Amino acid sequence: MSGLPPRTVADSRTTVVRLMIPTDANFTGNVFGGQILAELDRVAYVVAGRHCHQNCVTASIDRVDFLAPVHVGDLVEWLAELTYVGRTSMEVWVQVNAEPLQGGSRRKVGEAFLTMVALDAGGRPAPVPALNLVSGEERRRFAEGQARAETRRKVRTAHR
Ligand SMILES: CC(C)(COP(=O)(O)OP(=O)(O)OC[C@H]1O[C@@H](n2cnc3c(N)ncnc32)[C@H](O)[C@@H]1OP(=O)(O)O)[C@@H](O)C(=O)NCCC(=O)NCCS
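Being a predicted model, the structure only gives us computed values, none of them experimental. (Residues numbered from 1 in each chain as written. Predicted model: local features only at pLDDT ≥ 70, side-chain atom pairs only at ≥ 80, totals over all residues. Heavy atoms only, no water.)

> I'd like a description of the side chain of E39, backed by residues and values.
Structurally, the position occupied by E39 is in helix α2 (residues 33–52). Discounting residues that sit within four places of it in the chain, E39 has contacts with V16, R18 and W78. (Helix = DSSP H or I, 4+ residues; strand = E, 2+ residues; numbered from the N terminus. Contact = heavy atoms within 4.5 Å.)

Pasting the structure below:
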């Protein structure tokens, strides 16, 4: 058990917004997928840290589909929130949207679930606060996250 009281999804919800500039581009002129992934990882770290107030590591990133290209000059936002917490792990859902700064429609360009694990001072997995679910939607997402965590555990066990 963590010594910290339960926290809500809203307590750690985080949005990062960045303007894509030429140094974010690959050789074709579109934004390099690695830039999107790096920010995805950073924002998940912030959400997890806001929830547990401890150091965390990324244990896994589930499948990421890049749904549409991102262009230099696009304003990209990473919307991130907790969906599930276990004993020491936290699942963070991140949706990535992009829109041209000069005007145009906002489009979803990616989405991912990351599992972050809290660590104690010795670098061992440490208990995290419970998630205080305040809506039916949060309870539904929590149940889905729990099922994904169980699937990941089974896959890891099978591969060892
Ligand atoms: C993540 C890590 C701390 C887990 O350590 P471990 O000894 O396997 O710990 P445990 O088996 O006790 O698992 C701890 C929790 O992590 C979860 N977990 C472990 N490996 C996982 C994985 N690959 N994916 C998702 N969850 C994972 C477990 O389900 C458990 O969750 P729970 O406590 O909520 O039930 C360890 O594998 C590690 O340090 N990995 C490197 C992380 C890192 O450096 N990331 C940055 C890469 S640059």
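> Break down helix α3 (residues 136–159) for me, citing the residues and quoting the values.
An α-helical turn contains 3.6 residues, so a residue and the one three or four places further along point in the same direction. Between its first and last C-alpha, α3 extends 35 Å over 24 residues, near the 34 Å set by a 1.5 Å rise per residue. The set of residues buried in α3 consists of E138, F142, G145, A149 and R152. Residues of α3 that are buried make contact with α1 (9–12), β3 (55–61), β5 (74–85), β6 (89–100), β7 (107–119) and β8 (131–132). (Expected span 1.5 Å × (residues − 1). Buried < 20%, exposed > 50% of the residue type's maximum accessible area, 1.4 Å probe, protein only.)

> Give a detailed account of α2, specifying residues and quantitative values.
Here α2 spans 29 Å end to end across 20 residues, near enough to the 28 Å set by a 1.5 Å rise per residue. Along α2, the positions that sit buried rather than exposed are I36, E39, L40, V43, A44, V47, A48, H51 and C52. Where α2 ends, the next residue or the one after it, H53, has phi of about 55°, a positive value.

> Could you give an account of unusual backbone geometry, naming the residues involved and the relevant values?
With a phi angle near 55°, H53 is a residue other than glycine that sits in the positive phi range. Given a relative accessible area of 53%, H53 falls into the exposed group.

> Explain the site of the ligand residue by residue, including any values.
Close to the ligand lie 13 residues, the nearest being T58, R87, T88, S89 and R156. In this structure, an oxygen atom belonging to the ligand sits 2.7 Å away from a side-chain N or O atom of T88. A distance of 3.0 Å separates an oxygen atom of the ligand from a polar atom in the side chain of R156. Notes on the ligand: free accessible area 940 Å², of which the protein chains cover 50%. Mapped onto the shell around the ligand, the elements with two or more residues apiece are β3 and β7. (Near = heavy atom within 4 Å. Polar contact = N/O pair within 3.5 Å; in protein donor to acceptor, adjacent residues only side chain to side chain. Areas by Shrake-Rupley, 256 points an atom, 1.4 Å probe, with all protein chains shown as cover.)

> Which residues make up the nonpolar core, and what are the values?
General note: in soluble globular proteins, nonpolar side chains tend to be found buried as a group. Residues V70, V76, W78, M90, V92, V94 and V96 are the most contacted members of the largest nonpolar core, which totals 32 residues. Secondary structure elements with two or more residues in this core: α2, β5, β6, β7 and α3. Broken down by element, the residue count for this core peaks at 7 residues, all from α2. Those residues in contact with V70 that lie beyond four places of it in its chain are M20, N30, V31, I36, V76, A98, R107 and V109. (Core = buried A, V, L, I, M, F, W, Y, C linked by side-chain atoms within 4.5 Å.)

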